[in-house]
Amino acid sequence: MKTEKFNVTGMTCAACSAHVEKAVRGIAGVTSVSVNLLMNNMLVSYEEPATTDLICQAVEKAGYGAVSADTGSRAAAGNGSAGCGAGAADTCSRTYGNGSSGAGGAQDAFVDRETPKMRRRLIASLCLLIPLMYVSMGHLMWGWPVPAAFAEDPWAIALYQLLLTGLIMVINQKFFISGCTSLLHRAPNMDALVALGSGAAFVYSTAVMFRMGSVYGTEGKEAAFHCLHDMYFESAATILTLITVGKMLEAYSKGKTTNAVRSLMALAPKTAHVIRGGEEITIAAQEVVAGDLFVVKPGESIPADGEVVEGESAVNEAALTGESLPVDKSAGDRVSAATLNQNGALTCKATRVGNDTTLQQIIAMVEDAVASKAPIAQIADRVSGVFVPVVITLALITGVVWLFAGAGIGKALSYAISVLVISCPCSLGLATPVAIMVGNGVGAGQGILFKNAAALEQTGRTDFVVLDKTGTVTEGKPQATDICPAAGVSAEELLRVAAALEQKSEHPLARAVCERAAQENIVVEEVSGFQALPGWGVEGELSGISGAGAEDNKGCDSRTNVEYEGERIRALGGKAALLAERGLMTEEAAGEGERLSGEGKTPLYFAAGDKLLGVIAVADVVKSDSAQAVAELKAMGLQVVMLTGDNRRTAEAIGAQVGVDAVIADVLPNDKEEVVRRLSGSGRVAMVGDGINDAPALTRADVGIAIGAGADVALDAADLVLVKSKLTDVSAAVRLSRQVLKNIHENLFWAFFYNCIGIPIAAGVLVPVAGISLNPMFAAAAMSLSSFCVVTNALRLNLFSIHLTAKDRPRRKVPMPEFVQDFAGAGETMRQKQEETQKQKAPDCDRTEGRQELKNTEYDNHYKDNEEREEKGMEKILNVEGMMCGKCQAHVEKALAGVEGVTAVTVDLGAKRATVTCESSVSDEALCAAVVEAGYEASMA
């Protein structure tokens, strides 16, 4: 499957984009198409037999032009064709530069080239329209002075109007070329309506002019002058000119919607000072390669993402994060392209260059978001696809009805023309994409990046916000605060063993322990046989454990470190459940852990051999804005849940501190996705996380929100990225999304309301009732302003403050599902049940005469259990899906125990299995049916 972006030329309205989309969807192998009228491009996902060349050909056959935005040509054709079809009103180079990829090509796509051309057309049209209107309206209707010879000759006046109108039609020939092409391809667009309206007025007026010649010869000059009042040359010219006015205003406003992205592009530096061959040289910023050393002087922009090697300075990162306060940078700190170095000189090593820099990724995200289509746009798309043919039919019906009603052909034609020119499919097509474009620009300027339009729409409709704890609610930089050794063990020895075990772990808590050991200048030995136990802890082999040996302390050195004659000893560390499962937990350590957990700290327990060494407490500081962010989310009517693998007491202490609605603790990494899945059954869920273990949950959620400082996997899995890593940006993103949705609704209402009201008035339905009719010129004026109003309304989003809480309005709160409360209160029960599954991964330790013997307790117990079960009856094992907590486990046990013939049931919540001891007559189907009836999924193992 390949997804490719294409630049499309010749589209002028929503009907055009609908026809292009229909043409591409008809290609075998194309799975999805999203055409963006605002940016004149489309995203196509396809596989064989579809190719770039076939897609471009389909667009050309539809009467438009297409060129791959990635290759700049129809790569498969091999002929270098730009792919512009005959129906394209403008060349590819005019609209999209040279189609090159990269930063330059991307910036080219946002350059407003339409407004200057429309302005020149408008000026030329007005220069001809003013003298035309002076004669056709001013002189003939109000007696404004003209030369005597001219005033007395009706033929001269008629020919004068014919010539000026013809010139205006030549200047605005784009409407006729595009409109006629669309008619030939049986896909009429807005230009077809304009061409039919103004063309009909011109042809009818020309026919009247020839009839005037006959009247002049038979009835005289006065009768000929009367014929001048039946001509509509000025209407044809005014329609074209006023619609050009609307198109220019629309192009200007559309250009404004990309200001935020263009301002980001403008920040990219043009040159860089790199050190090559020991000398500092100046090169183009695009020529910097990864690994280059570059120098950034005060007042200069940083040319690439990198790491500071030497120097100290304050860097203004407002270009990327929106934060005006500079950030201090020194050796080892990361810097980003397009940020401004304020005072000191920095020497940096380039790590990401070109399109891989943070700046270019932000720009790419905004482009992709704009190119995608929001679900809310589907209604307008369906209407736009049939809008123009329906309007043409209505215009014909209007003309025929008025003829049968006794109106003259001129009057009937006037009503039909009004229906044609007042109709505006453009406002329908622009209602959604302009708001999406401006909203994405506003978000990007504040460090909030939506990856697609659907994410921007769904964020504002969220019912539940699920927050990961470490790195999201807290800083993610925990510190070891308490060292609590067991009796007979020194604090130094406890920390030495803990650091040895944790040095190979990637967990933030492990780093806190290692940093504390480094601060205490403790030498940490290498550990062998290291094994990470996800959600539980770590274990490995090391030597020299004080107080952990046999009773005779054989092999002790002067520091009472036990060597065991070169033997190594098994050590482990992690959560209380792990040590309890090994039979190493003591009442004193458990009590100490409870005390520390009550203070919001995370206790880590460490043991070696058959003795507990002590407890180390790690505390993570809550972010300064976490409580404010949670309060803002709750004020907007959202349910806030904190989801963590930490122990219940610590999680509840943190949860109470920030004010969340519910806390789900003791969750293994794999279960986070299951919690989000269950929660999605009650409403739309936004998951906020930063770690690798959050990626499945981020993907499962309706909206995945990644903290910008998090892991790359989390960023890739998310729909929304918060560059500043501030939790208040979550509420800001919801606020922005809701404002964008409100703006889209306003635009769609205006577009539908305008057409539903304007078309009947133009058709003359109010003439019999109130005597109100609409001249074609006024109809053209209304049409020209409709799209402008939609785009201007979208531009109001630039004035919206995403952090302003004064206008927050709470939505109806979705009740918290019962399973969340059950889950939150059953953390310890669930953890105890999950212990059983870890036995297969974690061999127990047994000591015999001071020597370490490893034996798999689970393996030995398996045969003992089988002997006992054979005495009691047949054993059957079921896989059970959907269990989330202790209550779920109890439900399954009760359901299976109720089956006749079942004598014993054991349900393993962690392994999601149920072991049933029963009589041989009990069928597999009966057991599975009992579980299914209880509300879970079951299958025989």
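Residues numbered from 1 in each chain as written. Predicted model: local features only at pLDDT ≥ 70, side-chain atom pairs only at ≥ 80, totals over all residues. Heavy atoms only, no water.

1. Considerations on the overall build of the chain
- Secondary structure assignment for the chain yields 36 helices and 32 strands.
- Considering only contacts within the chain whose residues lie at least 6 apart along the sequence, 71% involve residues at least 24 apart.
- Carbon together with sulfur atoms contributes 54% to the accessible area of the chain, which is approximately 39,400 Å² in total. (Helix = DSSP H or I, 4+ residues; strand = E, 2+ residues; numbered from the N terminus. Contact = heavy atoms within 4.5 Å. Areas by Shrake-Rupley, 256 points an atom, 1.4 Å probe, with all protein chains shown as cover.)

2. Here's the deal with the sheet that holds strand 1 (residues 2–9)
- Taking strand neighbours across the sheet as the criterion, the 4 strands line up as 2-3-1-4 in an open arrangement whose pairing is antiparallel. A strand with exactly one partner marks an edge of an open sheet, and here the two such strands are strand 2 (30–36) and strand 4 (65–68). Sheet twist, expressed as the mean angle between neighbouring strand axes with direction ignored, is 25°.
- Two elements, strand 1 and strand 4, share 4 bridges in a ladder whose sense is antiparallel. From the neighbouring strand, Phe 6 faces strand 4, where its bridge partner is Ser 68.
- Sitting on the sheet, helix 1 (residues 14–25) touches strand 1, strand 2 and strand 3 (41–46), and the angle it makes with strand 2 is about 165°. (Pairing = 2+ DSSP bridges. Axes fitted to C-alpha atoms, helices over the stretch in contact; angles between N-to-C directions.)

3. Examining the sheet that holds strand 22 (residues 639–643)
- Taking strand neighbours across the sheet as the criterion, the 7 strands line up as 14-26-25-24-15-22-23 in an open arrangement whose pairing is mixed. A single partner strand is all that each edge strand has here, and the edge strands are strand 14 (448–450) and strand 23 (662–664). Adjacent strand axes in the sheet meet at a mean angle of 20°, parallel and antiparallel pairs treated alike.
- Pairing analysis gives 3 bridges linking strand 25 (residues 703–707) to strand 26 (residues 720–722), with the strands arranged parallel. The partner of Ile 705 across the bridge, within strand 26, is Leu 720.

4. Description of the packing of helix 7 (residues 154–171) against helix 10 (residues 221–228)
- Two elements in contact, helix 7 and helix 10, have axes separated by 9 Å at closest approach and are oriented at 20°. When the axes of helix 7 and helix 10 are compared, the pair comes out roughly parallel. As for the relative orientation of helix 7 and helix 10, their crossing is left-handed in sense. Counting all contacts with helix 7, which are made through Pro 154, Ile 157, Ala 158 and Gln 161, the residues of helix 10 involved are Lys 221, Ala 224, Phe 225 and Leu 228.
- Of the residues that constitute the contact of helix 7 with helix 10, the class distribution is 6 nonpolar, 1 polar and 1 charged. (Parallel < 35°, antiparallel > 145°, perpendicular 65-115°, else oblique. Left-handed = near helix turned anticlockwise from the far one by under 90°. Nonpolar A, V, L, I, M, F, W, Y, C, P; charged D, E, K, R; others polar.)

5. A short note on the packing of helix 9 (residues 190–219) against helix 16 (residues 409–422)
- Running from N to C, helix 9 and helix 16 point in directions that differ by 160°, and their axes come no closer than 8 Å. The angle between the axes of helix 9 and helix 16 places the two elements in the roughly antiparallel class. Crossing of helix 9 against helix 16: the hand is left-handed. Within the contact between the two elements, helix 9 uses Leu 193, Leu 196, Gly 197, Ala 200, Ala 201 and Tyr 204 and helix 16 uses Ile 409, Gly 410, Leu 413, Ile 417, Leu 420 and Val 421.
- Looking at the contact of helix 9 with helix 16 residue by residue, the class counts come to 10 nonpolar, 2 polar and no charged.

6. Quick look at a nonpolar patch on the surface
- Together, Val 386, Val 390, Leu 394, Ile 397 and Val 401 give the surface a local cluster of nonpolar side chains, amounting to about 400 Å² of exposed area.
- In this structure, Ile 397 sits in helix 15 (residues 378–404).
- Judged by its relative accessible area of 44%, Ile 397 falls in the partly exposed class. (Patch = residues over 30% accessible without salt bridge, like charges linked within 9 Å, V, L, I, M, F, W, Y side chains within 5 Å. Salt bridge = Lys/Arg side-chain N within 4 Å of Asp/Glu carboxyl O. Buried < 20%, exposed > 50% of the residue type's maximum accessible area, 1.4 Å probe, protein only.)

7. Some details on the packing of aromatic side chains
- Scanning the model with the defined rule gives 7 aromatic pairs in all.
- With a centroid separation of 5.6 Å and 70° between ring planes, the pair formed by Phe 202 and Phe 233 is classed as edge-to-face. Placement of the pair is Phe 202 in helix 9 and Phe 233 in helix 11 (residues 233–257), with a sequence separation of 31 residues.
- Looking at Phe 233, the relative accessible area reads 0%, which means it is buried.
- Note that Arg 121 overlies the ring of Phe 175, its terminal NZ or CZ placed 5.3 Å from the centroid. (Phe/Tyr/Trp six-rings, centres within 6.5 Å; stacked < 30°, edge-to-face > 60°. Lys NZ or Arg CZ within 6 Å of the ring centre and 35° of its normal.)

8. Some words on helix 2 (residues 52–61)
- The complete set of buried residues in helix 2 reads Thr 52, Asp 53, Ile 55, Cys 56, Ala 58 and Val 59.
- Looking at the buried residues of helix 2, the elements they touch are strand 1, helix 1, strand 3 and strand 4.
- Phi turns positive one or two residues past the end of helix 2, at Gly 63, with a value near 100°.

9. What to know about the pattern of salt bridges
- This model, assessed by the stated rule, comprises 29 salt bridges.
- Glu 525 is the partner of Arg 496 in a salt bridge, and the nearest nitrogen-oxygen pair spans 3.0 Å. Taken as a pair, Arg 496 in helix 20 (residues 491–502) and Glu 525 in the loop between helix 21 (508–519) and strand 17 (528–533) lie far apart in primary sequence, 29 residues in all. There is no split in this pair, since Arg 496 and Glu 525 are both buried.
- Among the ionic pairs, Glu 674 bridges to Arg 677, the shortest N-O distance being 2.4 Å. Taken together, the residues span about one helical turn, with Glu 674 and Arg 677 both in helix 26 (residues 669–680) at a distance of 3 residues.
- For Glu 674, a relative accessible area of 12% gives the class buried.
- Through salt bridges that share partners, Asp 482, Glu 592, Arg 595, Glu 599 and Lys 601 make up one connected network.

10. Some remarks on the confidence of the model for the chain
- In the predicted model, the chain carries a mean pLDDT of 79, and the fraction of residues at 70 or more is 83%.
- Residue range residues 73–105 is modelled with pLDDT below 50. Its contacts to residues more than four positions away, or to other chains, number 78 contacts.
- Confidence over residues 546–566 falls short of pLDDT 50; this stretch has 43 contacts with residues more than four positions distant or in other chains. (pLDDT = per-residue confidence, 0-100.)

11. A look at unusual backbone geometry
- The amide bond that connects Glu 48 to the next residue, Pro 49, takes the cis arrangement and shows omega of 10°.
- Along the chain, Pro 49 falls in the loop between strand 3 and helix 2.
- The backbone of Ala 338 sits at a positive phi, close to 80°, despite the residue not being glycine.
- Structurally, Ala 338 can be placed in the loop between strand 11 (334–335) and strand 12 (340–341).
- Judged by its relative accessible area of 4%, Ala 338 falls in the buried class.
- Within the chain, Asn 521 stands out as a residue other than glycine whose phi angle is a positive 60°.

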